[in-house]
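A closer look at the structure
Chain by chain, the residues run as shown.
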Amino acid sequence: MPKGLARAKELYENRDQRAKELRGDGKKVMGYICCYPPTELITAAGFVPYRITGSLEPITAADAYLETLMCPYVRSCFDLGIKKEYDFVDGMIWPHTCDNIQKTYDIWRHYIPHSYFHYLDVPHMTDPSSFEFFTKEIDILKESLEEFGGVKITEERLKEAIAAHNENRALLRQLTGLRKQDPPLISGTEMTQVMMAVMSTPVDEANELLRSIIEEVSTRKDGPQRKAARLLVYGCEIDDIAFINLVEESGANVVIDDLCFGTRHYWDDVATDGDPLKNLADRYLGKIMCPRTFRRSPGTRQEDLDNRFGYLRDFAKSFNVNGAILYIIRYCDTFEFDVPEVRDYLQQAGIPCLLLEDDYSLTSIGGFKTRIEAFLEVIG
Amino acid sequence: MYRGEGKYKTSARHWTESAKKVRGLVRDMYTRALVEEKPAAWVMLSMINELFVAMDVLPVYPENYAGLCATKRVAEPFMERAEADGFSNVTCSYARIGLGYTGLWQDTGEIPDFAPDGGMAKPVMMVGSSMACDTRYKWFQAFSRYLDAPCYSFDMPIPPAGRMRRPDVMLHYLGYFLAQLRGLVAFMEKTLGKKMDWDKLDEIVRRSQKTNALWYDSFILAASAEPCPMPVEDALNNFVPAFFMSGSVEALEFYQGLYDEVKQRVDNKVGIIPEEKHRLIWGGGLPPWHTMDIFNYVENRGAIFVYQTSYQPFAPVEVPDSITDPLMRMLLMRSVPAGVRIAQERGGSRPKLGGFSGLTSPAFFIEPFRAQGVVMSMLRSCRGTSIGQIHQKRLLEESSPVPVLILESDMCDVRDHSETEWKMKLDAFLETIEARKKDS
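In this report, we go over the structure that sits alongside the text. Just so we're clear, the structure is a prediction, and the values are computed from it rather than from any experiment.

Counting its regular elements, chain A contains 15 helices and eight strands. Here the C-alpha radius of gyration of chain A, 20 Å, is about what a compact globule of 380 residues would show, namely 21 Å. A principal-axis box enclosing the C-alpha atoms of chain A has dimensions of 60 × 55 × 50 Å. In chain A, of all internal contacts separated by at least 6 residues, the share reaching a separation of at least 24 is 74%.

Structure (structure tokens):
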């Protein structure tokens, strides 16, 4: 079996391979969509966590069930589901993160059978009552998983799972740190493959894989070449290498991201002191920087903007970024409302931005290439 | 055409005297906020108007204002301003109108001269929410680009079907709703520098309960009657006081008048068209505010929309006097959708519901209101009311012989609307209903 980046690439190209093998060995596979379901609970219950993704394949079956004027990423996930591509998934955890995902919950459940289906209500606000509500929601999910799995998720088991997932996130951050070098030691394309591999294997296997990748990447001589620009890519669901690869082939190093299949998944840990359910709520609701969560303004408009987007400025500084691409999937309303603010905020911080709005399928890739090349010329 | 009303109106003809009064009430709402000394608040529709009445604040609803701009066909320059700033042309057109309005205001320092009713007054606060869609809190957050007014949003998640059957889960949701409303009251108190008068709020909420009961009774009475005395284009005016003025004396008086008028028309069998060949339900999505005369077009072909599910009343709920918290009363009095009550009263099983829009499904109303067709409106810029329509259509067609038509447009952006396509599809749909009648 290949190791390191080669193994990540293999898992990226055959995402369901490992989950299917484990299922053949008697394990149950628990699917989840979006960043918000606490995977620690899935691990603690003894299931294999499996992140549901879409595909750049044309959507051919979902049109009979879902409207075309909604998130094409969710439509693509559903398209795979209705074509039985997710039949190996025993159960599904469906969070209320945005209108598109929320309103697809009943529709998926109605047409795509799984043995288990659970809706996790994630508040949009971050008040003390919101955290209290979300802690209870996580507790209800825990009970539900226990019932489905016939297991007791003890505090000890949950703390072990939290430790394993914290390690996973720490390893991903360590790997990301290797992108600070110039040229970066790992490309954005390779990082996307790693992310997809990590989200389709059990956490202990993923950690072992990450350790081997870090070892390989730290000492590699065949890493990415230095390009004219070091870019940050901001957006939501990029679960395929095509777009990042396009950017890198156009003459840039993608050195940091703020994506659902990127840093948004691993940048912050779950606290290990105190009530683990509360700690999960604090991390998932409080620390994931997704525009679907409303953060109260701490005071002035500038303080509000810093509170919402300051981490992007910090990313840009830490990774020595000289440009940003804001890649927005059409009909993703929460991102669409934020993107003018993100653009202006970064530009005021001296980081030029290119805004691209796409339908997830990348069918307009030729036009994007021209625009990216022009952008790189301007900032180069 | 924009920047001023066209020579020929595309708004609907109204039939009831009540519907004709609504325009004046709306004009007063905006004018009062502009001329009176009282503070104004920009509010996202979240069924909390009673709080503003109690705090003596004049609420202004940018959502309603956007619909007004669309009806007047002056929405386009507002939307273009928002789009020029980077807001995508698929974001909610209500929001683009509101953002463009504030953007243009910021550009010149003055309210645009083509803004209907003199425009929306500068607010001392903004209140968004997560009720029904993401736009409701994201839009108001985005206003801060142009407006310097404190913004508060509160959470009101909709539990999925069946979840509230577990008592502890129901309390978990109710507890959160209450905490969020209390947070809003605290924000209002801080911003206004005065305390909520809870006794006054209680009185206002009880008045609102009476208003809601009259609203429900008049809408259900009208939809049940044959001939239909109040068509949907009137209902789409007559819901306005209940949504945007609830708790006020004016709203209560309006629904008392509406009920009396509907009752009088029912008693005297006053209908809209000479022969109701086809009774229809407007079963999802928002109406095309820019082209409301489409309802009159249908009437000219012998069909009439008797009920709409876009802006439904809540079924009256007896809230016991032991509930002394007016915030809890506000929540409970709006806890039973009209369709659920009708199904309960008919003693039959509830229809198969589709998704989060299931509780407001047209399936509840087809038999009780003797409808022969359902029309839905899929809106390019509204995920909240559009996602799930295909699913609803499939469920309806599985369980009922009534045909369903989905039309595509947008509630405010006339650039996404094709008048010809709508008319052609509606013509074909009416022919389908006719053919099915003959077959059966």
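Residues and elements named next belong to chain A. Burial within strand 3 (residues 91–96) is extensive, with six of its six residues counted as buried. The alternating pattern of strand 3 places Gly91, Ile93 and Pro95 and Met92, Trp94 and His96 on opposite faces, both of which are buried. Alignment of strand 1 (residues 29–32) against strand 3, held across three bridges, turns out to be parallel. Looking across to strand 3, one finds that Gly31 is bridged to Met92. Here six bridges tie strand 3 to strand 4 (residues 116–121), and the two strands are oriented parallel to one another. Within strand 4, the residue paired with Trp94 across the bridge is Tyr119. Following the backbone out of strand 3, through helix 5 (residues 99–111) and into the adjacent parallel strand 4, one traces a crossover that is right-handed.

On the side of chain A, 43 residues touch chain B, which itself brings 43 residues to the contact. Of all the elements in the fold, those that place two or more residues in the side of chain B that touches chain A are helix 6 (135–142), strand 4 (151–154), helix 7 (167–192), helix 15 (383–386) and helix 16 (389–399) of chain B.

Before going further, it helps to examine unusual backbone geometry. Backbone phi values are negative for most residues with the exception of glycine, while trans is the configuration of most peptide bonds. In this structure, the amide linkage connecting Asp182(A) to the following residue, Pro183(A), adopts the cis form with an omega of 0°. In this structure, Pro183(A) sits in the loop between helix 7 (155–177) and helix 8 (188–198). One non-glycine residue with positive phi stands out, namely Arg73(B), at about 60°. The residue Arg73(B) is located in the loop between helix 3 (62–71) and helix 4 (76–84) in this model. Overall, the presence of 20 C-beta atoms within 10 Å leaves Arg73(B) in the buried class.

About the criteria used
- Residues numbered from 1 in each chain as written.
- Chains lettered and ligands numbered in written order.
- Predicted model: local features only at pLDDT ≥ 70, side-chain atom pairs only at ≥ 80, totals over all residues.
- Helix = DSSP H or I, 4+ residues; strand = E, 2+ residues; numbered from the N terminus.
- Rg over C-alpha atoms; globule rule 2.2 N^0.38 Å.
- Contact = placed C-beta atoms within 7 Å.
- Buried ≥ 20, exposed ≤ 12 C-beta atoms within 10 Å, placed from the backbone.
- Pairing = 2+ DSSP bridges.
- Right-handed = clockwise from strand over helix to strand, strands pointing away.

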